[in-house]
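As a plain string of letters, each chain reads:
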Protein chains: 2
Amino acid sequence: MATETQRSTGRRRNPATRATILATAFDVVAELGYAGLTIEKVAARAGVGKQTIYRWWPNKGALVLDAVLERTAGSGPEGADGAPAELPDTGDLEADLIAVLVATVAEFADPDFDRALRGLTAAIIEDAELAGAYRERLDGPMRELKKRRLRRAQEVGQLDPDVDLDLAVDLVFAPVAQRWTERSGDLTPDGARAVVRHALRGLAAR
Amino acid sequence: MATETQRSTGRRRNPATRATILATAFDVVAELGYAGLTIEKVAARAGVGKQTIYRWWPNKGALVLDAVLERTAGSGPEGADGAPAELPDTGDLEADLIAVLVATVAEFADPDFDRALRGLTAAIIEDAELAGAYRERLDGPMRELKKRRLRRAQEVGQLDPDVDLDLAVDLVFAPVAQRWTERSGDLTPDGARAVVRHALRGLAAR
């Protein structure tokens, strides 16, 4: 009975097949963009049937979200086991946030990652349901880590104790993200440093 | 000869036909999103031939950009003649920026405008050429107005004289724009006020 269940679960979620599909979906969206990605193309390149993909992902938005999540797992502030880790905390808030934001700028400079994340972002802009899944599974956990780091800074008197932490996260991280989204200016480590310095000045305890 | 030219120009750019096409394109992208908009649908609803649209706009990205530009002309900080006007300048920088950002929040709360701008934004995220046109014709002129207002504040000692004005624009305006893009939180007039207050504290002359 236990063996039956295991075999059935194995058929539904073969880890190697899942990894192949997600890596292929990442490559396809990096190459063709979100509009150019179809389940058919991913299935053909991954060497699986369309129904295998549809059994695990209801639509291409869900597939691309998982593909980006899979690629970023381990590259961000997460432990090797995939569990979310903390943001750096050396006691120097400015240096710690600069380290995170400079790493973000470096990620955007990777052409494949840039295009895949553009595909996902374009999709969530128009799809409120996918935006909810993105918030729940990717942006939300990252935002919690950022807020936890900022809360510790509040506790030791480095930040205005009255500032809303979601606003604080947006003030530090949105300028770089928005510049990337709209391609409205250069993204450089020096620019990221300047954003953190001015944002923290605006959030400092008075 | 002049009459010939006028008639020819009239055929190429009949203002009423142009306005009808742009208003229809705005409605279609507001209803169906960017992915759902086709030149065929816009032509059918506007009662014109597809070739009429293609003669004036090379692709649907260019059409949607013009449709959003047409709708925002006059609603933003532009004169009645369509020429860009200045941002408010009462001498109270915080109040002036709050007025602009609260108006932005109100625009996002209009469902048709929200969906049309989502369509355009989704398109420019993946299309570098369209992003260039957007920067040149919509975001760039607005950014210049914002920088001009902030430069006057620098000149009277209200802002750090060394701060890069593009960074200053991003610090004030990106938090609300990014929250809208990713639907990562509520957009309220009070939230907009708090963003301006903290951003200006971070940009103040020391």
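Thresholds, definitions, all that
Numbers given to residues run from 1 along each chain, matching the order in which its sequence is written. Here the convention is simple: chains get letters from A, ligands get numbers from 1, in the order in which they are written. For this predicted model, a pLDDT threshold of at least 70 governs which residues receive local features, and a threshold of 80 or more governs which side-chain atom pairs are given and counted, while totals over whole chains, interfaces and linings are taken from all residues. Only heavy atoms go into the side-chain values, all of them from the structure, while hydrogens and water stay out. Helix and strand assignments follow DSSP, with helices taken as H or I runs no shorter than four residues and strands as E runs no shorter than two, numbered in order from the N terminus. Buried means the residue's accessible area, taken with a 1.4 Å probe over protein chains only, is under 20% of the maximum for its type, while exposed means over 50%, and partly exposed covers the values in between. Any two residues having at least one pair of non-hydrogen atoms within 4.5 Å are treated as being in contact. Domain start and stop points were drawn from an automatic or database domain assignment. Accessible surface is computed with a 1.4 Å probe, and the buried area is the amount of it that two parts give up when combined, taken over both parts together. To define axes, lines are fitted to C-alpha atoms, for helices over the stretch in contact only, and angles between the resulting N-to-C directions are given on a 0 to 180 degree scale. We call two directions roughly parallel when the angle between them is under 35 degrees, roughly antiparallel when it is over 145, roughly perpendicular when it lies between 65 and 115, and oblique otherwise. In the scheme used here, Gly and all other residues not listed as nonpolar or charged are polar, with Ala, Val, Leu, Ile, Met, Phe, Trp, Tyr, Cys and Pro taken as nonpolar and Asp, Glu, Lys and Arg as charged. Here, a salt bridge means any Lys or Arg side-chain nitrogen found within 4 Å of an Asp or Glu carboxyl oxygen.

K.L.:
An account of the side chain of aspartate 170 of chain B is requested, with residue identities and associated values reported.
P.N.:
Turning to its location among the elements, aspartate 170 of chain B is positioned in helix 9 (residues 165-182). A relative accessible area of 7% places aspartate 170 of chain B in the buried class. Those residues in contact with aspartate 170 of chain B, other than ones at most four positions away along the chain, are Pro175 and Arg179 of chain A together with Arg143 and Pro175 of chain B.

K.L.:
How would you summarise the domain arrangement of chain A if you had to cite specific residues and measurements?
P.N.:
Residues and elements named next belong to chain A. Annotation of chain A at the domain level lists domain 1 (1-73) and domain 2 (86-206). Between domain 1 and domain 2, the C-alpha centre-to-centre distance is 29 Å. On the domain 2 side, the residues contacting the 12 residues of domain 1 number 13 residues. Counting the surface lost from both domain 1 and domain 2, the interface buries some 1200 Å², and carbon and sulfur atoms represent 77% of this.

K.L.:
Can you lay out the packing of helix 6 (residues 93-108) of chain B against helix 8 (residues 128-155) of chain B for me, pointing to particular residues and giving the numbers?
P.N.:
The geometry of a pair of packed helices is captured by two quantities: the angle between their axes and the separation between those axes. Residues and elements named next belong to chain B. Between helix 6 and helix 8, the least distance of the axes is 11 Å, while the angle of their chain directions is 170 degrees. Here helix 6 lies roughly antiparallel to helix 8, going by the angle between them. Along the contact surface, helix 6 presents Leu93, Asp96 and Leu97, while helix 8 presents Arg149, Leu150 and Ala153. Tallied by class, the residues present in the contact of helix 6 with helix 8 amount to 4 nonpolar, no polar and 2 charged.

K.L.:
Any chance you could break down the pattern of salt bridges for me, citing the residues and the numbers?
P.N.:
Residue and element names in this part refer to chain A. All told, the structure shown has 40 salt bridges over all chains when counted by the stated rule. The shortest N-O distance in the salt bridge between arginine 148 and glutamate 86 comes to 2.3 Å. With arginine 148 in helix 8 (residues 128-155) and glutamate 86 in the loop between helix 5 (60-72) and helix 6 (93-108), the pair connects residues that are 62 residues apart, well separated along the chain. Here arginine 148 falls in the partly exposed class, since its relative accessible area comes to 35%. Notably, a salt bridge pairs aspartate 166 with lysine 147, separated by 3.1 Å at the nearest N-O pair.

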